[in-house]
Amino acid sequence: MPSSLLWAVDVYGRVYSLSTAGQQWEHCRDAHLEFKRVTAVQQCCWSIACDHNIYLYVHASEVPIRYQEETYENQRWNPVDGFSDRLLPSDRWQWSDITGLKHQPLGDFQLPSENWEWEADWYIDENFGGEPTEKGGWTYAIDFPATYTKDKKWNSCVRRRRWIRYRRYKAQDTWVKIPSEQTESLPDPFNDITCGGWEITEEPRGCLALWAVSLQGKVRTQFVPDHFYCTFEQVWFRCDINHHNPEGSVWEEVPVPGEVVQISCGPGDLVWAVWFRRGVNSHNPCGSGWIGMVGEMVMINVGLSDQVWAIGFEDRAVYFRQGVTASELSGKAWKVVSVPRDSERSHSSASASSLQSAGCFFGGEVRLQSQASMLSDADAETERAGGEVVPTPEIGDAPKPRIPKVTSDSFISELVSDREGQISRRDVPPAGPSIPEEDHPEKDQSGGVDPQWSNVDLEEAQTHLTSGPGGDAAETSSLSSVATYNLALEEPYGLDEPPKWAWVSGGGCLVECHTQLNWFNSSTSTALNSSMQAMSLSITPAQTAAWRKQIFEQLSERSKREMENFMHYEQAIEQSVWVKKGTMQWWRDWKPHKWVDVQFALEQFSGVEGNKDGILFIYYTFNDEKKYLHMFINEVTILVPVLNDSKHTFAIYTAERTKQRWPMRLAAATELEMHDWLALLSVSCCDSRGIQGPPSKQAIWSVTCKGDIFVSEPTKELEASPYPTPCAQMFWRQVGGHLRIIESNSLGVVWGIGYDHTAWVHTGGYGGGFFQGLASSTDNIYTQTDVKSVYIYENQRWNPVTGYTNRGLPTDRYMWSNASGLKECTKNNTKPPSPNWTWVSDWTIDYAVPGGTDREGWQYAADFPASYHGNKTLKDFVRRRRWARKCKLTTTGPWQEVPPIPLSDITILPCGPKSTVEQVSLWAISNKGDILCRLGVTSLTPGSSSNYGSSWLHVGTDQPFKSISIGAVHQVWAIAKDGSAFYRGSVSAQNPAGDCWYHIPSPTGQKLKQVSVGRTSVYTVDENGNLWYRHGVTPSYPQGSSWEHISNNVRKVSVGPLDQVWVIADKVQGSHSLSCGTVCRRLGVLPMEPKGHSWDYGIGGGWDHITVRGNAMEAPRIVMPSLTDNQTATRPLQTSNQPEMNGNPVGC
């Protein structure tokens, strides 16, 4: 799990952060102000300082925050000047946006704030629809607006070109003040703030909702989050906060029924107060009742994963609610976070050059006169108790600091008011007893009522303060006096005194329910570590090495001596047979196909030589006659969990059944029983083949459309020519975890990406998931989560009476269906992919659909099915829109998360069989289309932290990308989102990021979607499923010369370090139907024939991804026998049958 931060503010306004991987509070040294509130998310932290302004702290990231500004230059042709900027009065502006309605000259673009900077000057975009334009970047059309083309025609009367300029956000890892609107200032300063809404389905990833409350009870806030709670007339909302605009744009006022004291919003559907509100969900946001919690807290905060943080009423300590899970949301007990602060003991404002607290309070620098700059220990301090005057303490007494109670208004206000009297009394002669502040004659004039907030002229206040201790100074308001006191003139805490906290925010602290934190026994562990370190100081490393060597020699001698006494005995070998039986259902092989109740048995035995094998039996009844089927364990090639809505099903493949695309399908009564059988059968299959432990460095990895991960150990004969091992005979075993894509190389570096774009690295373990005991490694297994969306479609047809309605023709598809329209899918009957998945959101309209949508999410077409588009035309008689709902899976596997950037594609340098590299080149694409290069990835130990790398290096691009691949000699190819191909020049081990991009023309009329590069071969797949090979790729001309079509119906391609070509193919013929998602290998690939000549079909269907980039195992050279040789060849000729299949056993 990646480290994240818990933010807190102590009662003296200092900001601290605590990392989940650390054991001490780190003081935020950049904060020169005192703060009242903080609210954090994972990527940033918002706060309110004592000047009541809002500040933002954005965490630095390897991917910069960039925003692309664009404008269009428009020209019209005339017979005199040709193309010029002389446009017709009815034309668009010469410089405009893409619609032509907004005037956008180059000089009108300004930076939003001083925290932004321009990356470079304006330049012309010479790319149009994935293809390069003529020099100058012009695109032509008949008139404005129209369809533009890159070619100039005889009737092209207008033209335009796009100008681009990027700006970058530079204020990272520092507190910056959020500027107020230029038009008008806010009426009141802010008093409370909250941030949330990052999991709202309708909004794109990276959007946040920031709400704030002003001092007069006004609340300020962008979009409305899932739940918004406040305790009590106007609320303010910060608009347009997203990844490209972290500061937002303007404040928007939101009316509320009454005065607001505090406000809180979050990503989920939980509400905490001093009590716990139960029964809160999307259908009942108010909940059903309160549950009292043990303990008194002054504030409470709900963070990520519904974990709860609070501050104690008595000790002002930070507490963590232990035991909060999805099934027990109220938790079990409060646990105090007892970690020390960092070594810094002095506050930043204690120095003479620091800002005074008064200055921070109002945003100016206000100072007291010199004699009142510091409180002395000899100063008299009076308190009134029961009408009696308390005598002043002696000079030697050290008064204990009083910690103010934190209220919903401001802890700084009360803290300052407690000190107010001391500052006022510094100008009063200490001859007699001090007058308590409550009896001050100036305050009696107001009738004893507490003064209200009022505006203070800073310049006037400063003039009064510096004029001396005269009557003017005595007549300054109490608020002015507040503005003159420094809260941190002396260290508020003792050496061993724990800090006193006023506010805590866990919105950026990711703590799972199973996570073991080092925050609760830090003192004990520190003392123990210190004592152990002191004990180890007396033993030198040389003595330790000699001691270990001596023990090893003694143990070896004893073992040898004891074994000699038993040499004459025969070796004991266990020869046993055991049987496991159960009741299942079997999908009958012959027609009519149906589920049949059967008895299932596994008989496993140990041979004389200690090898293990087994047989599977299926006992069934047919025509009142008992029969059985059997299958040898060593013939099983793969065990696959099947996606089924009503049954817990798994499929068993053999080599012959793989060719037929017709596995043996069995259904267990419960999911637990199915997992038990899968684990047992998997261990038996591995034992019979002698496969144990983690996957090897040369392993071939694959992923099903369900997200299950499988690995196969290649043999040298797999790529042997001309007689390779048939692909259908490969044995695949499952590895725990859930991924969408996976990539590897022959040095043992394996990375994967989940459906939620989270990056994961293989830890070197095996098992996980439902594998337990001997089927899984005891270490290197971690919890893995994944989130994906389930989609359904709402379909409507137009009729002249009512317009678009859900009343279709009798031959139409279901009005609520899947993407194909063949299966009815409504909001009520659509379930998560399996019982392991749980819903984490409600159904919402999905606007991110290929082809675009209108404002309501509809796509239009002439009929079902057809090509859909986002704008309605006169010929469109049907429409559809897509609904999405998120679900979450929690499992375990040998995978560890690589924070913090979400990725969409990844590639690792493929290495040869004898290659040794210090740094492994790893490139990736973020979910926003940025290209990244990973630094510090090594292959010292597979699965170790060296495989993670150290940081990301951003590689500049002019447009977002979607696919990337690096070859064996550092040739980097990438596919942009518009379908164009690019080559990165000058990439090497010394220059890992390269220099510049070269545009490669795509195949005519095709848009590419994926690329894979091997040692010398470059293959791509376009959006229509065509596989293309790049001709003419040489070391002197790595861009190549032309494209050649190889095959169709291809979904993915993977090119290995020896130029092996493997694909995921669709529409492969089986014995019963067509298969979608079949693993296929290209036969006949040789150095002189890199394209091969035919396909060998393997496991399928239902597969979605494969990588052979780790298989650098060279095939043995086979000597062809002569015609007179009586001996047979090394291997018989394997005829490649036309493979067949039963549909999609995995359930795609």
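Residues numbered from 1 in each chain as written. Predicted model: local features only at pLDDT ≥ 70, side-chain atom pairs only at ≥ 80, totals over all residues. Heavy atoms only, no water.

In the annotation of an unreviewed UniProt entry, the chain is listed under the name Tectonin beta-propeller repeat-containing protein 1 and assigned to Cyprinus carpio carpio. Per its UniProt entry, the chain bears the Sequence similarities (unreviewed entry) comment "Belongs to the TECPR1 family." (UniProt positions renumbered as here; feature names shortened; annotations may be inferred.)

Draft legend 1. Structural context of the sheet that holds strand β65 (residues 1042–1047). The strand order across the open sheet built from four strands is β62-β63-β64-β65, with neighbouring strands paired in antiparallel fashion. Each edge of the sheet is formed by a strand with only one pairing partner; in this case those strands are β62 (1008–1013) and β65. Across the sheet, the mean angle separating the axes of adjacent strands is 30° when strand polarity is ignored. Summarising the sheet, β62 and strand β63 (residues 1018–1022) pair through five bridges and their orientation is antiparallel. Among the inter-strand pairings, Ser1012 is bridged to a residue of β63, identified as Tyr1019. (Pairing = 2+ DSSP bridges. Helix = DSSP H or I, 4+ residues; strand = E, 2+ residues; numbered from the N terminus. Axes fitted to C-alpha atoms, helices over the stretch in contact; angles between N-to-C directions.)

Draft legend 2. Summary view of the nonpolar core. Core analysis: the biggest nonpolar cluster contains 37 residues, and Trp751, Leu903, Trp923, Ile931 and Trp952 have the highest contact counts within it. Those elements that provide at least two residues to this core are β44 (750–753), β45 (759–762), β54 (903–908), β55 (922–926), β56 (931–935), β57 (951–955), β58 (961–966) and β59 (972–976). With four residues, the single largest contributor to this core is β55. Non-local contacts of Trp952, meaning those with residues more than four positions away in its chain, are made with Glu62, Trp751, Pro899, Ile901, Leu903, Leu922, Ala924, Leu932, Cys933 and Arg934. Of all hydrophobic cores here, the second largest spans 33 residues; its members include Leu33, Tyr57, Trp175 and Val337. (Core = buried A, V, L, I, M, F, W, Y, C linked by side-chain atoms within 4.5 Å. Buried < 20%, exposed > 50% of the residue type's maximum accessible area, 1.4 Å probe, protein only. Contact = heavy atoms within 4.5 Å.)

Draft legend 3. The arrangement of the packing of aromatic side chains in detail. Within this structure, the stated rule accounts for 36 aromatic pairs. With 6.0 Å between their ring centres and 80° between their planes, Trp7 and Trp175 make a pair best called edge-to-face. Of the two residues, Trp7 sits in strand β1 (residues 5–10) while Trp175 sits in strand β16 (residues 175–177), which places them 168 residues apart along the sequence. Relative to Trp677, the ring of Phe600 lies with its centre 4.9 Å away and its plane at 80°, an arrangement referred to as edge-to-face. Pair noted here: Phe600 is in strand β34 (residues 595–606) and Trp677 is in helix α10 (residues 671–689), with a separation of 77 residues, a long-range link. One aromatic cluster is present, built from ring pairs that chain together Trp7, Phe35, Tyr55, Tyr57 and Trp175. Note that Arg37 overlies the ring of Trp503, its terminal NZ or CZ placed 3.9 Å from the centroid. (Phe/Tyr/Trp six-rings, centres within 6.5 Å; stacked < 30°, edge-to-face > 60°. Lys NZ or Arg CZ within 6 Å of the ring centre and 35° of its normal.)

Draft legend 4. Structural detail: the pattern of salt bridges. Following the criterion strictly, the structure yields 24 salt bridges and no others. Between Glu1044 and Lys1091 there is a salt bridge, with the nearest N and O atoms lying 2.9 Å from each other. Here Lys1091 lies in the loop between β70 (1078–1083) and β71 (1094–1097) and Glu1044 lies in strand β65, a separation of 47 residues in the sequence. Linked through salt bridges whose partners overlap, the residues forming this network are Arg66, Glu119 and Arg168. (Salt bridge = Lys/Arg side-chain N within 4 Å of Asp/Glu carboxyl O.)

Draft legend 5. Main features of the environment of Leu666. Tracing the sequence through the fold places Leu666 in strand β39 (residues 664–668). Under the relative-accessibility criterion, Leu666 is labelled buried at 0%. Each C-alpha atom of the pair Leu666 and Arg588 lies 9.5 Å from the other, and the pair is 78 residues apart in sequence.

Draft legend 6. Region of interest: the UniProt feature "domain: Peroxin/Ferlin" (unreviewed entry) in the chain. In the numbering used here, UniProt assigns the feature "domain: Peroxin/Ferlin" (unreviewed entry) to residues 64–125, 137–170, 785–846 and 857–890. Helix makes up 0% of residues 137–170 and strand makes up 44%, while its end C-alpha atoms are separated by 30 Å. Between the end C-alpha atoms of residues 857–890 the distance is 31 Å, and the span holds 0% helix and 50% strand.

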